[in-house]
Amino acid sequence: MPRRTIPVSMPDLSGQEQAYAAAAVASTWISSSGSFLDRFEREFAQACGTPHAVATSNGTTALHLALATLGVGPGDEVLVPSMTYIATANAVTYCGAKPVFVDVDPETWCLDPRRIEAAITRRTKGVIPVHLLGHPADMDAINAVARTHGLWVVEDAAEATFARYKGRPVGSLGQAATFSFFGNKIITCGEGGAVTFADPGLERRMRMLRGQGMDPARRYHFPIVGFNYRLTNVAAAILCGQMERREAIVSRRRGIVALYAAELAETPGIDLRRDAPWAETAPWMASCLVDPGRFGCRRDDLAAALADRGIDTRPMFIPIHRLPPYEHAARKRRTDLPVTDRLGSLGLMLPTYPQLTDDDVRHVCAVIREIGGAGLHRRWARAGEAAPAREPRAA
Ligand SMILES: *Cc1c(COP(=O)(O)O)cnc(C)c1O
């Protein structure tokens, strides 16, 4: 029997999500206020160990809202990794500021604290470390450099909701943190986001900016230019359902990544990131680096061969400093990010979602090993030698 196809991600909405969304509709509170919104903001702040959480329409608007609240504007520079989703840099651009790209650490794949100082200028205002693919960045080291230079720190935690750093939840480790609840993220409501922060002084301005700039004390009076970045009560209802199952969701995602690591540990040319000792991950996408020489074929050929076998994957992010909106400025600055470039060309994201079974993961890994073995056979055949016998391996 042919196997079903395996997508790269899928939301898990198997709890109260549907019932809560229906209750929100029945209540007629379907826009941007309602009891599910209040409940979600309260529970999410608590889960992140922060006094405040403000829900937003998506993770990109969460980033823009956080930066706008901190007063980022034209002429400012903000340090960001280039190895991230484009939204991290775009949010800086929306403010009229310039993203300046910093390389990532070869172990954690997150912003390298040792590379920050060299990128700081008079114009630098802040740093946005990204907890890439569910693994927290080295926040103590990043905060230490930021403190020395008077910079703020905003965590982009879009891919790492509920991850912990030295026992502390992401979202509580900088001046503010942003989250995404897109359909493929750790928890989801289709499109949604949030900003968490500790300073009560930020809350009033953030809520005003989120709600078109309206004065909370005077309805329909708008003292500043704001945005409409609100989340709906229907979406918040879905998130309340997700919150009830967050521990099961995160632990299943961890189990999947651990199984990929075990199954691929001895596969030549397939290298997985090892967790830092201080990291409790909330895995977004299990990922590996494909070394074509040792593995037998290139990353993109592996992805195509997997697709032929019904297994969907996703290439690692194209480094942002290589993309049209940013490459010119990066070249002018002589941006050189060797670790980022290496991850961008060798990295592959593998199917990761709670409903994926252990058998599915073993199947994906068996197909990867088979494709690698066949590739090496072709190479040796071309070189006119016999391929070495492959050791038998338990399935
Ligand atoms: C997904 C993501 C975002 C943006 O979230 P959206 O909800 O899609 O707008 C921002 N940063 C990172 C690192 C992401 O992975």
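**Digging into the overall build of the chain**
Item 1. Looking only at helices and strands, the chain features 13 helices and 14 strands.
Item 2. Rg of the C-alpha trace for the chain: 22 Å, near the compact-globule value of 21 Å for 395 residues, within the 12% margin.
Item 3. Here the C-alpha coordinates of the chain stretch approximately 80 × 55 × 35 Å along the principal axes.
Item 4. Relative to all contacts within the chain whose residues are 6 or more apart in sequence, the contacts with residues 24 or more apart total 71%.
Item 5. For the chain, the exposed area adds up to about 17600 Å²; of that, 52% sits on carbon and sulfur atoms.
Item 6. Across the chain, the mean location of the 47 positive side-chain charges is 4 Å away from that of the 42 negative side-chain charges.

**Overview of the confidence of the model for the chain**
Low pLDDT marks regions whose predicted coordinates should not be analysed in detail.
Item 1. For the chain, per-residue confidence averages 95 on the pLDDT scale, and 94% of positions sit at 70 or higher.
Item 2. Low pLDDT (under 50) marks residues 390-395, which in the prediction has five contacts with non-local residues, meaning those over four places away or in another chain.

**As for the site of the ligand**
Item 1. Within the structure, the ligand sits among 14 residues, and G59, T60, E159, S180 and K185 are positioned closest to it.
Item 2. With respect to the ligand, the side chain of T60 contributes an N or O atom lying 2.5 Å from an oxygen atom.
Item 3. Burial of the ligand by the protein chains amounts to 94% of its free accessible area of 380 Å².
Item 4. Listing elements by their share of the shell around the ligand, those giving two or more residues are helix 3 (59-69) and helix 4 (87-94).

**Brief notes about unusual backbone geometry**
Item 1. Within the chain, W109 stands out as a residue other than glycine whose phi angle is a positive 65°.
Item 2. Counting through the fold element by element, W109 comes out in the loop between strand 3 (98-102) and strand 4 (124-127).
Item 3. The class for W109 is buried, based on a relative accessible area of 4%.
Item 4. Look at Y220: it is not a glycine, yet its phi comes out positive at around 65°.
Item 5. One can find Y220 in the loop between helix 6 (200-210) and helix 7 (233-244).

**Considering the pairing of strand 9 (residues 193-197)**
Item 1. Counting buried residues in strand 9 gives five out of five residues, a clear majority hidden from the surface.
Item 2. The alternating pattern of strand 9 places G193, V195 and F197 and A194 and T196 on opposite faces, both of which are buried.
Item 3. Across five bridges, the pairing between strand 1 (residues 52-56) and strand 9 is antiparallel. Looking at the pairing, H52 lines up with F197 of strand 9.
Item 4. Sheet topology note: the strand 8 (residues 176-180)/strand 9 ladder contains five bridges and is antiparallel. The partner of T178 across the bridge, within strand 9, is V195.

**Let's talk about the pairing of strand 1**
Item 1. The element strand 1 is largely enclosed, with a buried count of five among its five residues.
Item 2. Because side chains alternate across strand 1, one face comprises the buried residues H52, V54 and T56, and the other comprises A53 and A55, equally buried.

**Quick word on the side chain of T267**
Item 1. Checked against the element boundaries, T267 lands in the loop between helix 8 (246-264) and strand 10 (270-272).
Item 2. By relative accessible area, T267 is classed as buried at 6%.

**Thoughts on the nonpolar core**
Item 1. Counting 71 residues, the largest nonpolar core has F40, F44, F179 and F181 as the members making the most contacts within it.
Item 2. By size, the runner-up hydrophobic cluster in this structure holds 30 residues, among which are L67, A68, V78 and A176.

**Side note on the sheet that holds strand 6 (residues 164-165)**
Item 1. Pairing in this open sheet of three strands is antiparallel, and the strands run 7-6-11 from one edge to the other. If you trace the sheet from one side to the other, it starts and ends with strand 7 (168-169) and strand 11 (279-280), each paired once.
Item 2. With two bridges joining them, strand 6 and strand 7 adopt antiparallel strand pairing. Residue R164 lies in a different strand from strand 7, and its bridge partner there is P169.

**What about the sheet that holds strand 10?**
Item 1. Taken in spatial order, the four strands of this open sheet run 10-12-14-13, and their pairing is antiparallel. The sheet is open, and its two borders are formed by strand 10 and strand 13 (314-315), each paired with just one other strand.
Item 2. Pairing analysis gives two bridges linking strand 13 to strand 14 (residues 347-350), with the strands arranged antiparallel. Residue R314 lies in a different strand from strand 14, and its bridge partner there is M349.
Item 3. Of the strands in this sheet, strand 10, strand 12 (286-290) and strand 14 touch helix 8, which is tilted by about 145° from strand 10.
Item 4. Its contacts with the sheet place helix 12 (residues 338-346) against strand 12 and strand 14, and it is angled at close to 50° to strand 14.

Parameters at a glance
Residues numbered from 1 in each chain as written. Predicted model: local features only at pLDDT ≥ 70, side-chain atom pairs only at ≥ 80, totals over all residues. Heavy atoms only, no water. Helix = DSSP H or I, 4+ residues; strand = E, 2+ residues; numbered from the N terminus. Rg over C-alpha atoms; globule rule 2.2 N^0.38 Å. Contact = heavy atoms within 4.5 Å. Areas by Shrake-Rupley, 256 points an atom, 1.4 Å probe, with all protein chains shown as cover. Lys, Arg positive; Asp, Glu negative; His and termini not counted. Charge placed at Lys NZ, Arg CZ, Asp CG, Glu CD. pLDDT = per-residue confidence, 0-100. Near = heavy atom within 4 Å. Polar contact = N/O pair within 3.5 Å; in protein donor to acceptor, adjacent residues only side chain to side chain. Buried < 20%, exposed > 50% of the residue type's maximum accessible area, 1.4 Å probe, protein only. Pairing = 2+ DSSP bridges. Core = buried A, V, L, I, M, F, W, Y, C linked by side-chain atoms within 4.5 Å. Axes fitted to C-alpha atoms, helices over the stretch in contact; angles between N-to-C directions.

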